[in-house]
Amino acid sequence: MGHTGLKIRMAIVGFILFAFYAVTAVAVMAIWGTGTLPLLLVGSVFLIGAQYKIGKWAALRSVGAEDLPEDQYGDLHRRVESLSKDMGIEKPRLMIASMGVPNAFAVGRKGAGTVVVSRELLNTLEPDEVEGVLAHELAHIRNRDVVMMVLGQGIASIVAIVAQWAVLLTGDNDIADFFLAIVVGNVVQFIVMLFVLAISRYREYVADADAKEAIGSGDPLASALEKIQRGNASAREDNLDNQVSALAIFGDGGGLASLLSTHPPVEERIQRLRS
């Protein structure tokens, strides 16, 4: 699938994120002088690469992910290898983690992707439902939207930090400026993340549709989402932080706060998969 709609949205959001990044660079030069331009150019390239690498590493570390043993989960590895071949990507690294809830997420890009599944998910779902979830995560890697999510979260954090320092360095360095810097940083990060979250919701629909096409039916993934929703609702603990939750197959969605949701309503996703 070409997914022109997703590509256009990602291009628009990418341009907006770059604009935020450029404004941040101008703010830094305004504070420290134009002599910092070469350092900014080199630093920007380094930071973008670091954001991607650190974001991927942090996501895996936060859940304690470890390699999925092929001798114990040979069928799962074979399913992923077959799906990857059908979807035109290299087989990603497979990892497993105890997340406290049935869930899964993908990080990385085509040729260097990683899919993490929770032990709770493997214990909850039937094999065909697990296949639907894996196809969904492989679609994210193929569509490159995971990279956009990780970079977007990183850029939002950097812009917020620069905004905080701008307030502190241009103020009187009193307690009022300290609290103002915190407020300004959070507001700026919130504004940047609004654009990232809009992509996050749309990319879930696209990945669902890709998974449906890859396995020939939307029922296994729809059934998986129902079980995952029930598992998350009844879970006593959830080891996913906000950044990982945004990458996972199941997250917050719908309701009054739909503008700030990382995922669309699961009921709508299930309906689309079964239509």
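Each chain has its residues counted from 1, following the order in which its sequence is written. Selection of residues for local features in this predicted model requires a pLDDT of at least 70, selection of side-chain atom pairs for listing and counting requires 80 or more, and totals for whole chains, interfaces and linings are taken over all residues. Side-chain measures here rest on the full set of heavy atoms in the structure, leaving out hydrogens and waters.

> Explanation requested: the packing of aromatic side chains in the structure shown.
Between two aromatic rings, the relevant description is the distance of the centres plus the angle of the planes. Between rings of Phe, Tyr and Trp, where Trp is taken as its six-membered ring, a pair exists when centres lie within 6.5 Å; planes separated by under 30 degrees are stacked, by over 60 edge-to-face, and by other angles tilted. In this structure the tally under the stated criterion is 2 aromatic pairs. Where Phe-20 meets Phe-195, the ring centres are 6.1 Å apart and the plane angle is 55°; that geometry is what we call tilted. Within this pair, whereas Phe-20 is found in helix α1 (residues 4-32), its partner Phe-195 is found in helix α7 (residues 175-215), the two being separated by 175 residues in sequence. When its relative accessible area of 31% is taken as the criterion, Phe-195 is described as partly exposed. With a centroid separation of 5.5 Å and 75° between ring planes, the pair formed by Phe-178 and Phe-179 is classed as edge-to-face. Here Phe-178 falls in the partly exposed class, since its relative accessible area comes to 42%. Positioned above the aromatic ring of Tyr-202, the side-chain terminus of Arg-9 is 3.9 Å from the ring centre. Charge-over-ring placement is defined geometrically: NZ (Lys) or CZ (Arg) within 6 Å of the ring centre, and within 35 degrees of the ring normal. Over the ring of Tyr-205 we find Arg-272, and its NZ or CZ is 3.7 Å from the ring centre. Going along the chain from the N terminus, every DSSP run of H or I of four or more residues is numbered as a helix, and every run of E of two or more is numbered as a strand. Each residue gets one of three labels from its accessible area relative to the maximum for its type: buried under 20%, exposed over 50%, partly exposed in between, using a 1.4 Å probe on protein chains only.

> Would you mind showing me how to read the nonpolar core here?
Proteins that are soluble and globular tend to have nonpolar side chains buried together. Grouping buried Ala, Val, Leu, Ile, Met, Phe, Trp, Tyr and Cys residues that are joined through side-chain atoms within 4.5 Å yields what is termed a nonpolar core. Counting residues in hydrophobic clusters, the biggest one holds 70 residues, and the most contacted among them are Phe-105, Leu-121 and Val-133. Ranked by the residues each element gives to this core, the list is headed by helix α6 (residues 145-170), at 9 residues. Note on definitions: a residue-residue contact is assigned when non-hydrogen atoms from the two residues lie within 4.5 Å. The residues contacting Leu-121, other than those within four sequence positions of it, are Pro-102, Asn-103, Ala-104, Val-130, Val-133 and Ile-228.

> Sorry if this is basic, but what is going on with the pattern of salt bridges here?
Where charged atoms of side chains with opposite charge meet at close range, the side chains can pair. One speaks of a salt bridge when a side-chain nitrogen belonging to Lys or Arg is within 4 Å of a carboxyl oxygen belonging to Asp or Glu. This structure, assessed with the given rule, holds 13 salt bridges. Between Arg-142 and Asp-210 there is a salt bridge; the shortest N-O distance is 3.1 Å. Here the residue Arg-142 occupies a position in helix α5 (residues 127-143), and Asp-210 occupies one in helix α7, the gap between them amounting to 68 residues. Judged by its relative accessible area of 18%, Arg-142 falls in the buried class. Given a relative accessible area of 2%, Asp-210 falls into the buried group. In this structure, Asp-145 and Arg-203 form a salt bridge, with 2.5 Å as the shortest nitrogen-oxygen distance.

> Sorry, what's going on with the packing of α5 against helix α8 (residues 219-234) here?
Axes are the key here: two packed helices are described by the angle between their axes and the distance separating the axes. Remark: α5 packs on α8, axes separated minimally by 8 Å, with the N-to-C direction vectors making an angle of 95°. By the angle class used here, α5 and α8 are roughly perpendicular. In contact with Asp-128, Glu-129, Gly-132, Val-133 and His-136 of α5, α8 contributes Pro-220, Leu-221, Ser-223, Ala-224, Lys-227 and Ile-228. Looking at the contact of α5 with α8, its residues break down into 5 nonpolar, 3 polar and 3 charged. Only C-alpha atoms enter the line fits that serve as axes; for helices the fit covers just the stretch in contact. Angles between N-to-C directions range over 0 to 180 degrees. Each angle gets one of four labels, with under 35 degrees taken as roughly parallel, over 145 as roughly antiparallel, 65 to 115 as roughly perpendicular, and the rest as oblique. Any residue that is not Ala, Val, Leu, Ile, Met, Phe, Trp, Tyr, Cys, Pro, Asp, Glu, Lys or Arg is counted as polar, Gly included; the first ten are nonpolar and the last four charged.

> Which parts of the structure should I look at to understand the packing of helix α3 (residues 74-87) against α5?
Where α3 meets α5, the axes come as close as 10 Å, and the angle between the chain directions of the two elements is 45°. When the interaxial angle is binned, α3 and α5 end up oblique. For the pair α3 and α5, the crossing hand works out as right-handed. The residues of α5 that touch α3, namely those facing Leu-76, Arg-79, Val-80, Leu-83, Ser-84 and Met-87, are Pro-127, Asp-128, Val-130, Glu-131, Leu-134, Ala-135, Leu-138, Ala-139 and Arg-142. With the far helix as reference, a near helix turned anticlockwise by less than a right angle produces a left-handed crossing, and one turned clockwise produces a right-handed crossing.

> Where do I start with the sheet that holds strand β1 (residues 66-67) in this structure?
By definition, the strands of a sheet pair up through backbone hydrogen bonds, in either a parallel or an antiparallel sense. Whether two strands pair depends on DSSP finding at least two bridges between them. Reading across from one edge, β1-β2-β4-β3 is the order of the 4 strands in this open sheet, with mixed pairing throughout. With one partner strand each, in any of the chains shown, β1 and β3 (104-109) form the two edges of the open sheet. Here β3 runs beside strand β4 (residues 112-118); their pairing, made up of 6 bridges, is antiparallel. Within the sheet, the bridge partner assigned to Arg-109 lies in β4 and is Ala-112.

> Even after reading the chapter, I still don't get the pairing of strand β2 (residues 93-97), so can you show me in this structure?
Side-chain positions along a regular strand alternate between the two faces of the sheet. Summarising burial for β2: 4 of the 5 residues are buried, a large majority. Here 2 bridges tie β1 to β2, and the two strands are oriented antiparallel to one another. Paired with Glu-66 across the two strands is Ile-96, which belongs to β2. Pairing between β2 and β4: 5 bridges, direction parallel. Looking across to β4, one finds that Ala-97 is bridged to Ser-118.

> Hey, could you run me through α3 in this one?
Two residues of an α-helix separated by three or four positions point the same way, owing to the 3.6 residues in each turn. Compared with an ideal rise of 1.5 Å per residue, which puts 14 residues at 20 Å, α3 spans 20 Å between its outermost C-alpha atoms and is within 8% of the ideal. When α3 is considered as a whole, its buried residues turn out to be Gly-74, Leu-76, His-77, Val-80, Leu-83, Ser-84 and Met-87. On its buried face, α3 sits against β2, α4 (119-124), α5 and α7. One or two residues past the end of α3 sits Gly-88, with phi positive at roughly 75°. Helix span, expected: 1.5 Å multiplied by one less than the number of residues in the helix.

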